Amino acid sequence: MPPNTNQPLPKSSVQFKKILYIGAFLVLAALAVWYGVLKKGEARKFNPQGTILLTLSNKGSDDVGIYTFDIASKTLAPYFAPVDIKSITASRLPSEATTMLLATNAVVPTRGSLFQIATYNKGKDLLQPVTKSTVTFKRHPSYSEALQLFVYGGKDPASTTLSGTASEFNVYTLDHKGVEKKIGQGSIPTLTPDGKSVVVMRKDGLSMLDLITGKSEVIWPLTAGAARTNQQFTVSQKGTYLAWSNPYEGVVYVLQVKSWQPFQAVAAPQKIHTYAFWPHFSPDETYLVLQEVDIVDAIPVRPRLVIYDLLTQEKKIIQDLDAFVQERMFVSDWY
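To keep things clear, this report deals only with the structure shown in the data block.

## Considerations on the overall build of the protein
Here is step 1 of the chain: Broken down by element type, the protein carries one helix and 25 strands.
Here is step 2 of the chain: Burial analysis of the protein (335 residues in total) assigns 47% to the buried set.
Here is step 3 of the chain: Surface exposure of the protein reaches about 17300 Å², of which carbon and sulfur atoms provide 56%.

Right, here's the structure in full:
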């Protein structure tokens, strides 16, 4: 007579079955998690894209020019570096992808400190002056579409030397009528997302400067010492992040911004422990390029272009820069 299948199993058999079910469930769950992590890892391959704009000067030469580094092809090439012409700190015009703003001595050749801001269209090989003033050491040009103003840093006409202090530069604007105005003090003027203010570095830290009123507020104070121009910063293209390099500490700080008006940070900044200069964010704000160095006897050596993945902390050296003068390097745009 066949056994009664409706009879309950012995207690030990029930427990054994439970153990089997639980064990199978845990294995499947582990496989699912592992698969999900694997897929997530596959989705987050190290894959920065685009073109990085640099200013470079060959060792043993007095030249200085604009270079591009194409990430996909790993190609470093001069963008605008004609013989006997010096150009620095280029950035793109927002509405014209093929036109760059740059500081150059090409349009008004004169003493070395008197650069002018100009536009350069590579396709047409057309260089056109924007400024014609006697403001010296013009650099870091950008264009505010919101205010229809060119914005750049520079020094008073009488200044012919650089001291390295963050407060030695001023911020200037130029309208389309040719009217130039000195707005306030600070180096590396960098537009905020609304295009109506700039972040600048002064000896007491980073401040936000209104381009119309000239009013300013400290948004990232230094707790000790005074800022110098080899401590550089950048704002991501969408305004989500602010990065500030401090080669004296060997740290690059990345701060997430909650609000610009009023300025509010989300939390304490992320730290990247490295000796580096000229941080710049990728267009999608997930990578950070740095001009990284080693420090030997207090001297920066072996410069290279390095990209950090801000989500995974993965780092890759993308270009050796040892053929160039470290003190004349800038990273000014990524598109």
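Resuming the write-up.
## With respect to the packing of aromatic side chains
Here is step 1 of the chain: With the rule as written, the count across this model stands at ten aromatic pairs.
Here is step 2 of the chain: Between the aromatic rings of tryptophan 278 and phenylalanine 330, the centroid separation amounts to 5.0 Å while the plane-to-plane angle is 45°, which identifies the pairing as tilted. On the criterion of sequence distance, the pair formed by tryptophan 278 in strand S21 (residues 276-281) and phenylalanine 330 in strand S25 (residues 330-334) is long-range, its members being 52 residues apart. Each member of the pair, tryptophan 278 as well as phenylalanine 330, carries the same accessibility label: buried.

## Remarks on unusual backbone geometry
Here is step 1 of the chain: Between glutamine 261 and the following residue, proline 262, the backbone shows a cis peptide bond with an omega angle of -5°.
Here is step 2 of the chain: The topology assignment puts proline 262 in the loop between strand S18 (251-260) and strand S19 (263-265).
Here is step 3 of the chain: Phi angles above zero are rare outside glycine, and aspartate 125 is one such case at about 50°.
Here is step 4 of the chain: Secondary-structure assignment places aspartate 125 in the loop between strand S6 (116-121) and strand S7 (126-129).
Here is step 5 of the chain: Since its relative accessible area comes to 57%, aspartate 125 is described here as exposed.

## Things to note about the environment of leucine 54
Here is step 1 of the chain: Tracing the sequence through the fold places leucine 54 in strand S1 (residues 51-56).
Here is step 2 of the chain: With relative accessibility at 1%, the residue leucine 54 sits in the buried group.
Here is step 3 of the chain: Each C-alpha atom of the pair leucine 54 and methionine 329 lies 7.1 Å from the other, and the pair is 275 residues apart in sequence.
Here is step 4 of the chain: Leave out the neighbours within four places in its chain, and leucine 54 touches Gly65, Ile66, Tyr67, Thr68, Phe69, Leu76, Leu305, Leu321, Phe330 and Val331.

## Some thoughts on the sheet that holds strand S11 (residues 180-185)
Here is step 1 of the chain: With antiparallel pairing, the four strands of this open sheet are ordered in space as S8-S9-S10-S11. In this open sheet, the two strands that pair with only one neighbour each are strand S8 (136-144) and S11. Averaged over neighbouring strand pairs, the angle between their axes works out to 25° when direction is ignored.
Here is step 2 of the chain: Relative to strand S10 (residues 170-174), strand S9 (residues 149-155) is paired through five bridges, and the arrangement is antiparallel.

## Some points on the pattern of salt bridges
Here is step 1 of the chain: Tallying each qualifying case throughout the model produces ten salt bridges.
Here is step 2 of the chain: Connected through salt bridges with shared partners, the residues Glu292, Asp294, Arg302, Arg304 and Lys315 form a single ionic network.

## Re the pairing of strand S4 (residues 87-93)
Here is step 1 of the chain: Burial runs high along S4: six of the seven residues are buried.
Here is step 2 of the chain: As defined by bridge partners, S4 adjoins strand S5 (residues 96-104) across five bridges and the pair is classed as antiparallel. Opposite isoleucine 88, over in S5, you have alanine 103 as the bridge partner.
Here is step 3 of the chain: Two successive antiparallel strands, S4 and S5, enclose a turn made up of two residues.

## Things to note about the environment of isoleucine 85
Here is step 1 of the chain: Structurally, the position occupied by isoleucine 85 is in the loop between strand S3 (75-80) and S4.
Here is step 2 of the chain: Spatially, the C-alpha atoms of isoleucine 85 and aspartate 63 are 7.4 Å apart, while their sequence positions differ by 22 residues.
Here is step 3 of the chain: Here isoleucine 85 is in contact with Val64, Phe80, Thr104, Asn105 and Ala106, once residues within four sequence places are set aside.

## Topic: the sheet that holds S25
Here is step 1 of the chain: A sheet is described by the order of its strands in space; here four strands give the open sequence S3-S2-S1-S25, paired in antiparallel fashion. Looking at which strands have only one partner, the edges of the open sheet turn out to be S3 and S25. Ignoring strand direction, the axes of neighbouring strands in this sheet form an average angle of 30°.
Here is step 2 of the chain: Summarising the sheet, S1 and S25 pair through four bridges and their orientation is antiparallel. In the sheet register, threonine 55 faces S25, and the bridge partner there is phenylalanine 330.

## Quick notes on the nonpolar core
Here is step 1 of the chain: Of all hydrophobic cores here, the largest spans 54 residues; its most connected members are Ile52, Leu206, Ile219, Leu242, Leu305 and Ile307.
Here is step 2 of the chain: If we skip the residues at most four places from it in the chain, leucine 242 touches Leu206, Ile219, Trp220, Phe233, Thr234, Val235, Tyr253, Val254, Leu255, Val257, Phe263 and Phe281.

## Notes on the pairing of strand S23 (residues 299-309)
Here is step 1 of the chain: Note that strand S22 (residues 287-296) and S23 share nine bridges and pair antiparallel. Across the sheet, residue leucine 290 finds its bridge partner in S23, namely valine 306.
Here is step 2 of the chain: Note that S23 and strand S24 (residues 315-320) share five bridges and pair antiparallel. Considered in S24, the bridge of leucine 305 is made with glutamine 319.
Here is step 3 of the chain: Hairpin remark: S23 followed by S24, antiparallel, with five residues in the connecting loop; positive phi at glutamine 313, about 70°.

So, how was this worked out
Residues numbered from 1 in each chain as written. Predicted model: local features only at pLDDT ≥ 70, side-chain atom pairs only at ≥ 80, totals over all residues. Heavy atoms only, no water. Helix = DSSP H or I, 4+ residues; strand = E, 2+ residues; numbered from the N terminus. Buried < 20%, exposed > 50% of the residue type's maximum accessible area, 1.4 Å probe, protein only. Areas by Shrake-Rupley, 256 points an atom, 1.4 Å probe, with all protein chains shown as cover. Phe/Tyr/Trp six-rings, centres within 6.5 Å; stacked < 30°, edge-to-face > 60°. Contact = heavy atoms within 4.5 Å. Pairing = 2+ DSSP bridges. Axes fitted to C-alpha atoms, helices over the stretch in contact; angles between N-to-C directions. Salt bridge = Lys/Arg side-chain N within 4 Å of Asp/Glu carboxyl O. Core = buried A, V, L, I, M, F, W, Y, C linked by side-chain atoms within 4.5 Å.

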